[in-house]
Amino acid sequence: MAVSLHARFIAGAIVGAAALTASLAQAQELKEFNFMSPNFATCGPFAQVVGDEMGFFADEGLKVNLLNSDTSIPFVAFLANGDADLVTLDAGQVLQAVTAKQPIKVLYEAYQFASDGLVVPADSDIKGLAGLKGKTVGLASDRDQLTTVIALQSVGLSGADIKTAVVGQSGPVLAAALRDKTIDAFAGSISDRVGIESAGVALLNITPAEVSMNPANSFAAWAPTLEEKRPMIAGFMRAWAKSVHAGVVDTKAVMSACKKRIPEQWEKPGNGERVVNTSVFTTQIRRTVKYGELQPDVWENIQPSYVELGEIPEKIDVGTFLDDSFTDAANDFTTADVKKNIKAWKEANKDILIP
């Protein structure tokens, strides 16, 4: 069921990797690695673009295939049937999978800051969560109900204090709903918010920082096959960490790589830059000493809300699903290693670099 990288990722991928690391013959020997992440066709998860473009995956002997995330099938099912070697799960999906006795292990916290949250128009009279009482909150999907209630609980409100309506993810539609006050606020992901702002509505994020501090997306693997796949998984996570680090080291180069692969995200002035900057410096910036480092205390602290809302029946011992045995391997690189690949890529792509 594995599919190739997004069409724009495939264009030149093997050739590019060979130019950066070895000959074409060597590139053809790369091992297939199947990975599933949300929003695979956007610059939001920029590391998967950079890892391929700048040869970080190839350095680890990997050819990464992105599985199409536009599916109603739970991501964990792709681990169970062997179609995926690694998937990205949010905290709720992890806890529900463990509750269902799915033998998964969380290995790496890719997003240590939840991109989901509540926003209002910048010119709204609502300046904080307490101002939502009696108001209508638009939801990108049913899953955003949980995010909304958890946020409200932080100021002593509950889901009963607001009205909600699922309004989808179309930027122009959401912008119109906020302008005409069909909804007073919106709950969704950072990509949804980018769509709203691109449609001309400036936003104010009213989500408290403490609510956003949770493992929004983590890499999970199927425990029964973990040891046999350990070298590949460790290599993938090291390449990912290098790619995230590249965003900090040379943001413009990362933007250039993303624009090369997904040019439509750059059609509206400022849109692509905003997506990459938000990902580099907000959602994917590391908040631990090491990249991807697991935070047992955070996983403990988020669980009561999931229990209260009926998402899981009881708290789970985090030791049963957190596995930090990959952390050191994922961080086994230097900034010089990253700069070497960036330099080679820039030299090979001089004509498309964003100044």
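Throughout what follows, the structure given in this document is the object of discussion. Note on numbering: residues in each chain are counted from 1, in written sequence order. Per-residue local features are limited, in this predicted model, to residues with pLDDT of at least 70; the limit for side-chain atom pairs, both in listing and counting, is 80 or more; totals at the level of whole chains, interfaces and linings are taken over all residues. For the side-chain quantities, the full set of heavy atoms in the structure was used; hydrogens and water were omitted.

## Side note on the overall build of the chain
Moving on, step 1. Along its length, the chain carries 17 helices and 10 strands.
Moving on, step 2. In terms of overall dimensions, the chain has a C-alpha envelope of 65 × 45 × 35 Å along the principal axes.
Moving on, step 3. Any pair of residues with heavy atoms lying within 4.5 Å of one another is described as a contacting pair. Residue pairs at least 24 apart in sequence account for 82% of intrachain contacts in the chain once pairs closer than 6 positions are excluded.
Moving on, step 4. Total accessible area on the chain stands at roughly 15,100 Å², and carbon and sulfur atoms take up 52% of it.
Moving on, step 5. Looking at charge distribution, the chain has the averaged site of its 32 positive side-chain charges lying 6 Å from that of its 42 negative ones. Note on conventions: DSSP H or I runs of at least 4 residues are helices, E runs of at least 2 residues are strands, and numbering of each starts at the N terminus. Computed with the Shrake-Rupley method and a 1.4 Å probe, the accessible areas treat only the protein chains shown as cover for residues. Counting rule for charge: Lys and Arg are taken as positive, Asp and Glu as negative, and neither His nor the chain ends is counted. Every charge is mapped onto a representative atom, which is NZ of Lys, CZ of Arg, CG of Asp or CD of Glu.

## Observations regarding the sheet that holds strand S4 (residues 104-111)
Moving on, step 1. Should DSSP find at least two bridges between two strands, the strands are taken to pair. With respect to topology, five strands assemble into an open sheet ordered S2-S1-S3-S10-S4, the strand pairing being mixed. Each edge of the sheet is formed by a strand with only one pairing partner; in this case those strands are strand S2 (62-66) and S4. The average undirected angle you get between the axes of adjacent strands in this sheet is 30 degrees.
Moving on, step 2. With five bridges joining them, strand S1 (residues 31-36) and S2 adopt parallel strand pairing. Looking at the pairing, Lys31 lines up with Leu62 of S2. What counts as an axis is a line fitted to C-alpha atoms, over the stretch in contact for a helix, and the angles between N-to-C directions run from 0 to 180 degrees.

## Things to note about the pairing of S1
Moving on, step 1. Direction of pairing for S1 relative to strand S3 (residues 86-89): parallel, over a ladder of two bridges. Across the sheet, Phe35 pairs through a bridge with Leu86, a residue of S3.

## Comments concerning the pattern of salt bridges
Pairing between side chains of opposite charge can happen when the charged atoms of each approach one another.
Moving on, step 1. Each reported salt bridge corresponds to a side-chain nitrogen of Lys or Arg within 4 Å of a carboxyl oxygen of Asp or Glu. The full count for this structure, using the stated rule, is 10 salt bridges.
Moving on, step 2. As a salt-bridge pair, Glu53 and Arg261 come within 2.4 Å of each other at their nearest N and O atoms. Linking Glu53 in helix H4 (residues 46-53) with Arg261 in helix H13 (residues 251-261), this pair joins segments that are 208 residues apart in sequence.
Moving on, step 3. Across the salt bridge formed by Arg230 and Glu227, the nearest N and O atoms sit 2.8 Å from each other. Of the two residues, Arg230 and Glu227 both sit in helix H12 (residues 226-249), three residues apart, roughly one turn of that helix.
Moving on, step 4. Exposure classes here rest on a 1.4 Å probe applied to the protein chains alone. A residue is buried below 20% of its type maximum, exposed above 50%, and partly exposed in between. Looking at Arg230, the relative accessible area reads 23%, which means it is partly exposed.
Moving on, step 5. Glu227 gets classed as exposed once you look at its relative accessible area, which sits at 53%.
Moving on, step 6. Connected via shared salt-bridge partners are Asp52, Glu53, Lys260 and Arg261.

## Remarks on the nonpolar core
Moving on, step 1. Grouped together as the largest cluster of nonpolar side chains are 52 residues, with contacts concentrated most on Leu86, Phe236 and Met237.
Moving on, step 2. Residue contributions to this core peak at 11 residues, all from H12.
Moving on, step 3. To qualify as a nonpolar core, a set must consist of buried Ala, Val, Leu, Ile, Met, Phe, Trp, Tyr and Cys residues joined through side-chain atoms within 4.5 Å. Membership of the second largest hydrophobic core comes to 45 residues, among which are Leu67, Ala84, Leu139 and Ala185.

## A look at the packing of helix H10 (residues 190-198) against helix H14 (residues 271-283)
Moving on, step 1. It is at 11 Å that the axes of H10 and H14 come closest, and there the two elements cross at 150 degrees. As summarised for this structure, H10 and H14 are arranged roughly antiparallel, according to the angle between their axes. Both H10 and H14 take part in a crossing whose hand is right-handed. Where H10 abuts H14, its residues Ile190, Val194, Glu197 and Ser198 lie against Asn271, Arg274, Val275 and Thr278.
Moving on, step 2. When residues are grouped by polarity, Ala, Val, Leu, Ile, Met, Phe, Trp, Tyr, Cys and Pro land in nonpolar, Asp, Glu, Lys and Arg in charged, and all others, Gly among them, in polar. When its residues are assigned to classes, the contact of H10 with H14 shows three nonpolar, three polar and two charged. Any angle that falls under 35 degrees is termed roughly parallel, while one over 145 is termed roughly antiparallel, one within 65 to 115 roughly perpendicular, and all others oblique. Each helix crossing is assigned a hand: it is left-handed if the near helix lies turned anticlockwise from the far helix by less than a right angle, otherwise right-handed if that turn is clockwise.

## Quick notes on the environment of Val64
Moving on, step 1. By secondary structure assignment, the location of Val64 is in strand S2.
Moving on, step 2. The sequence separation of Val64 and Val106 amounts to 42 residues, and the corresponding C-alpha distance is 20 Å.

## Section: the packing of H4 against H13
When two helices pack together, you describe them by how their axes are tilted relative to each other and by the distance separating the axes.
Moving on, step 1. In contact at an axis separation of 9 Å, H4 and H13 are set at 90 degrees when each is read in the N-to-C sense. Here H4 is positioned roughly perpendicular relative to H13, judged by the angle of their axes. Contacts between H4 and H13 involve Phe46, Val49, Val50, Asp52 and Glu53 on the former and, on the latter, Val254, Ala257, Cys258, Lys260 and Arg261.
Moving on, step 2. Of the residues assigned to the contact of H4 with H13, the class counts are six nonpolar, no polar and four charged.

## What to know about the sheet that holds strand S8 (residues 185-188)
Moving on, step 1. The strand order across the open sheet formed by five strands is S7-S6-S8-S5-S9, and the pairing between neighbours is mixed. For this open sheet the edge positions go to strand S7 (163-166) and strand S9 (203-205), each flanked by a neighbour on one side alone. Strand-to-strand, the axes of this sheet are offset by a mean angle of 30 degrees, without reference to chain direction.
Moving on, step 2. Pairing of strand S5 (residues 117-121) with S9, which is carried by three bridges, proceeds in the antiparallel orientation. Note that in S9 the partner of Val120 across the bridge is Leu204.
Moving on, step 3. Of the strands in this sheet, S5, strand S6 (136-139), S7 and S8 touch helix H8 (residues 144-153), which is tilted by about 140 degrees from S6.

## A closer look at the pairing of S7
Moving on, step 1. One ladder, built from four bridges, connects S6 with S7; its direction is parallel. Across the sheet, Gly138 pairs through a bridge with Ala165, a residue of S7.
Moving on, step 2. Think of it like this: strands point away, you trace from the first strand over the helix to the second, and a clockwise trace means the crossover is right-handed. The β-α-β motif built from S6, the intervening H8 and the parallel element S7 has right-handed crossover chirality.

## Considerations on the packing of aromatic side chains
Moving on, step 1. When the centres of two rings from Phe, Tyr and Trp lie within 6.5 Å, Trp using its six-membered ring, the rings pair. Their planes under 30 degrees apart give stacked, over 60 give edge-to-face, and anything left gives tilted. A complete count under the given rule lists 11 aromatic pairs for this structure.
Moving on, step 2. Relative to Phe236, the ring of Phe33 lies with its centre 4.9 Å away and its plane at 20 degrees, an arrangement referred to as stacked. Placement of Phe33 in strand S1 and of Phe236 in helix H12 is noted, with a sequence separation of 203 residues between them. The same class applies to Phe33 and to Phe236, which are both buried.

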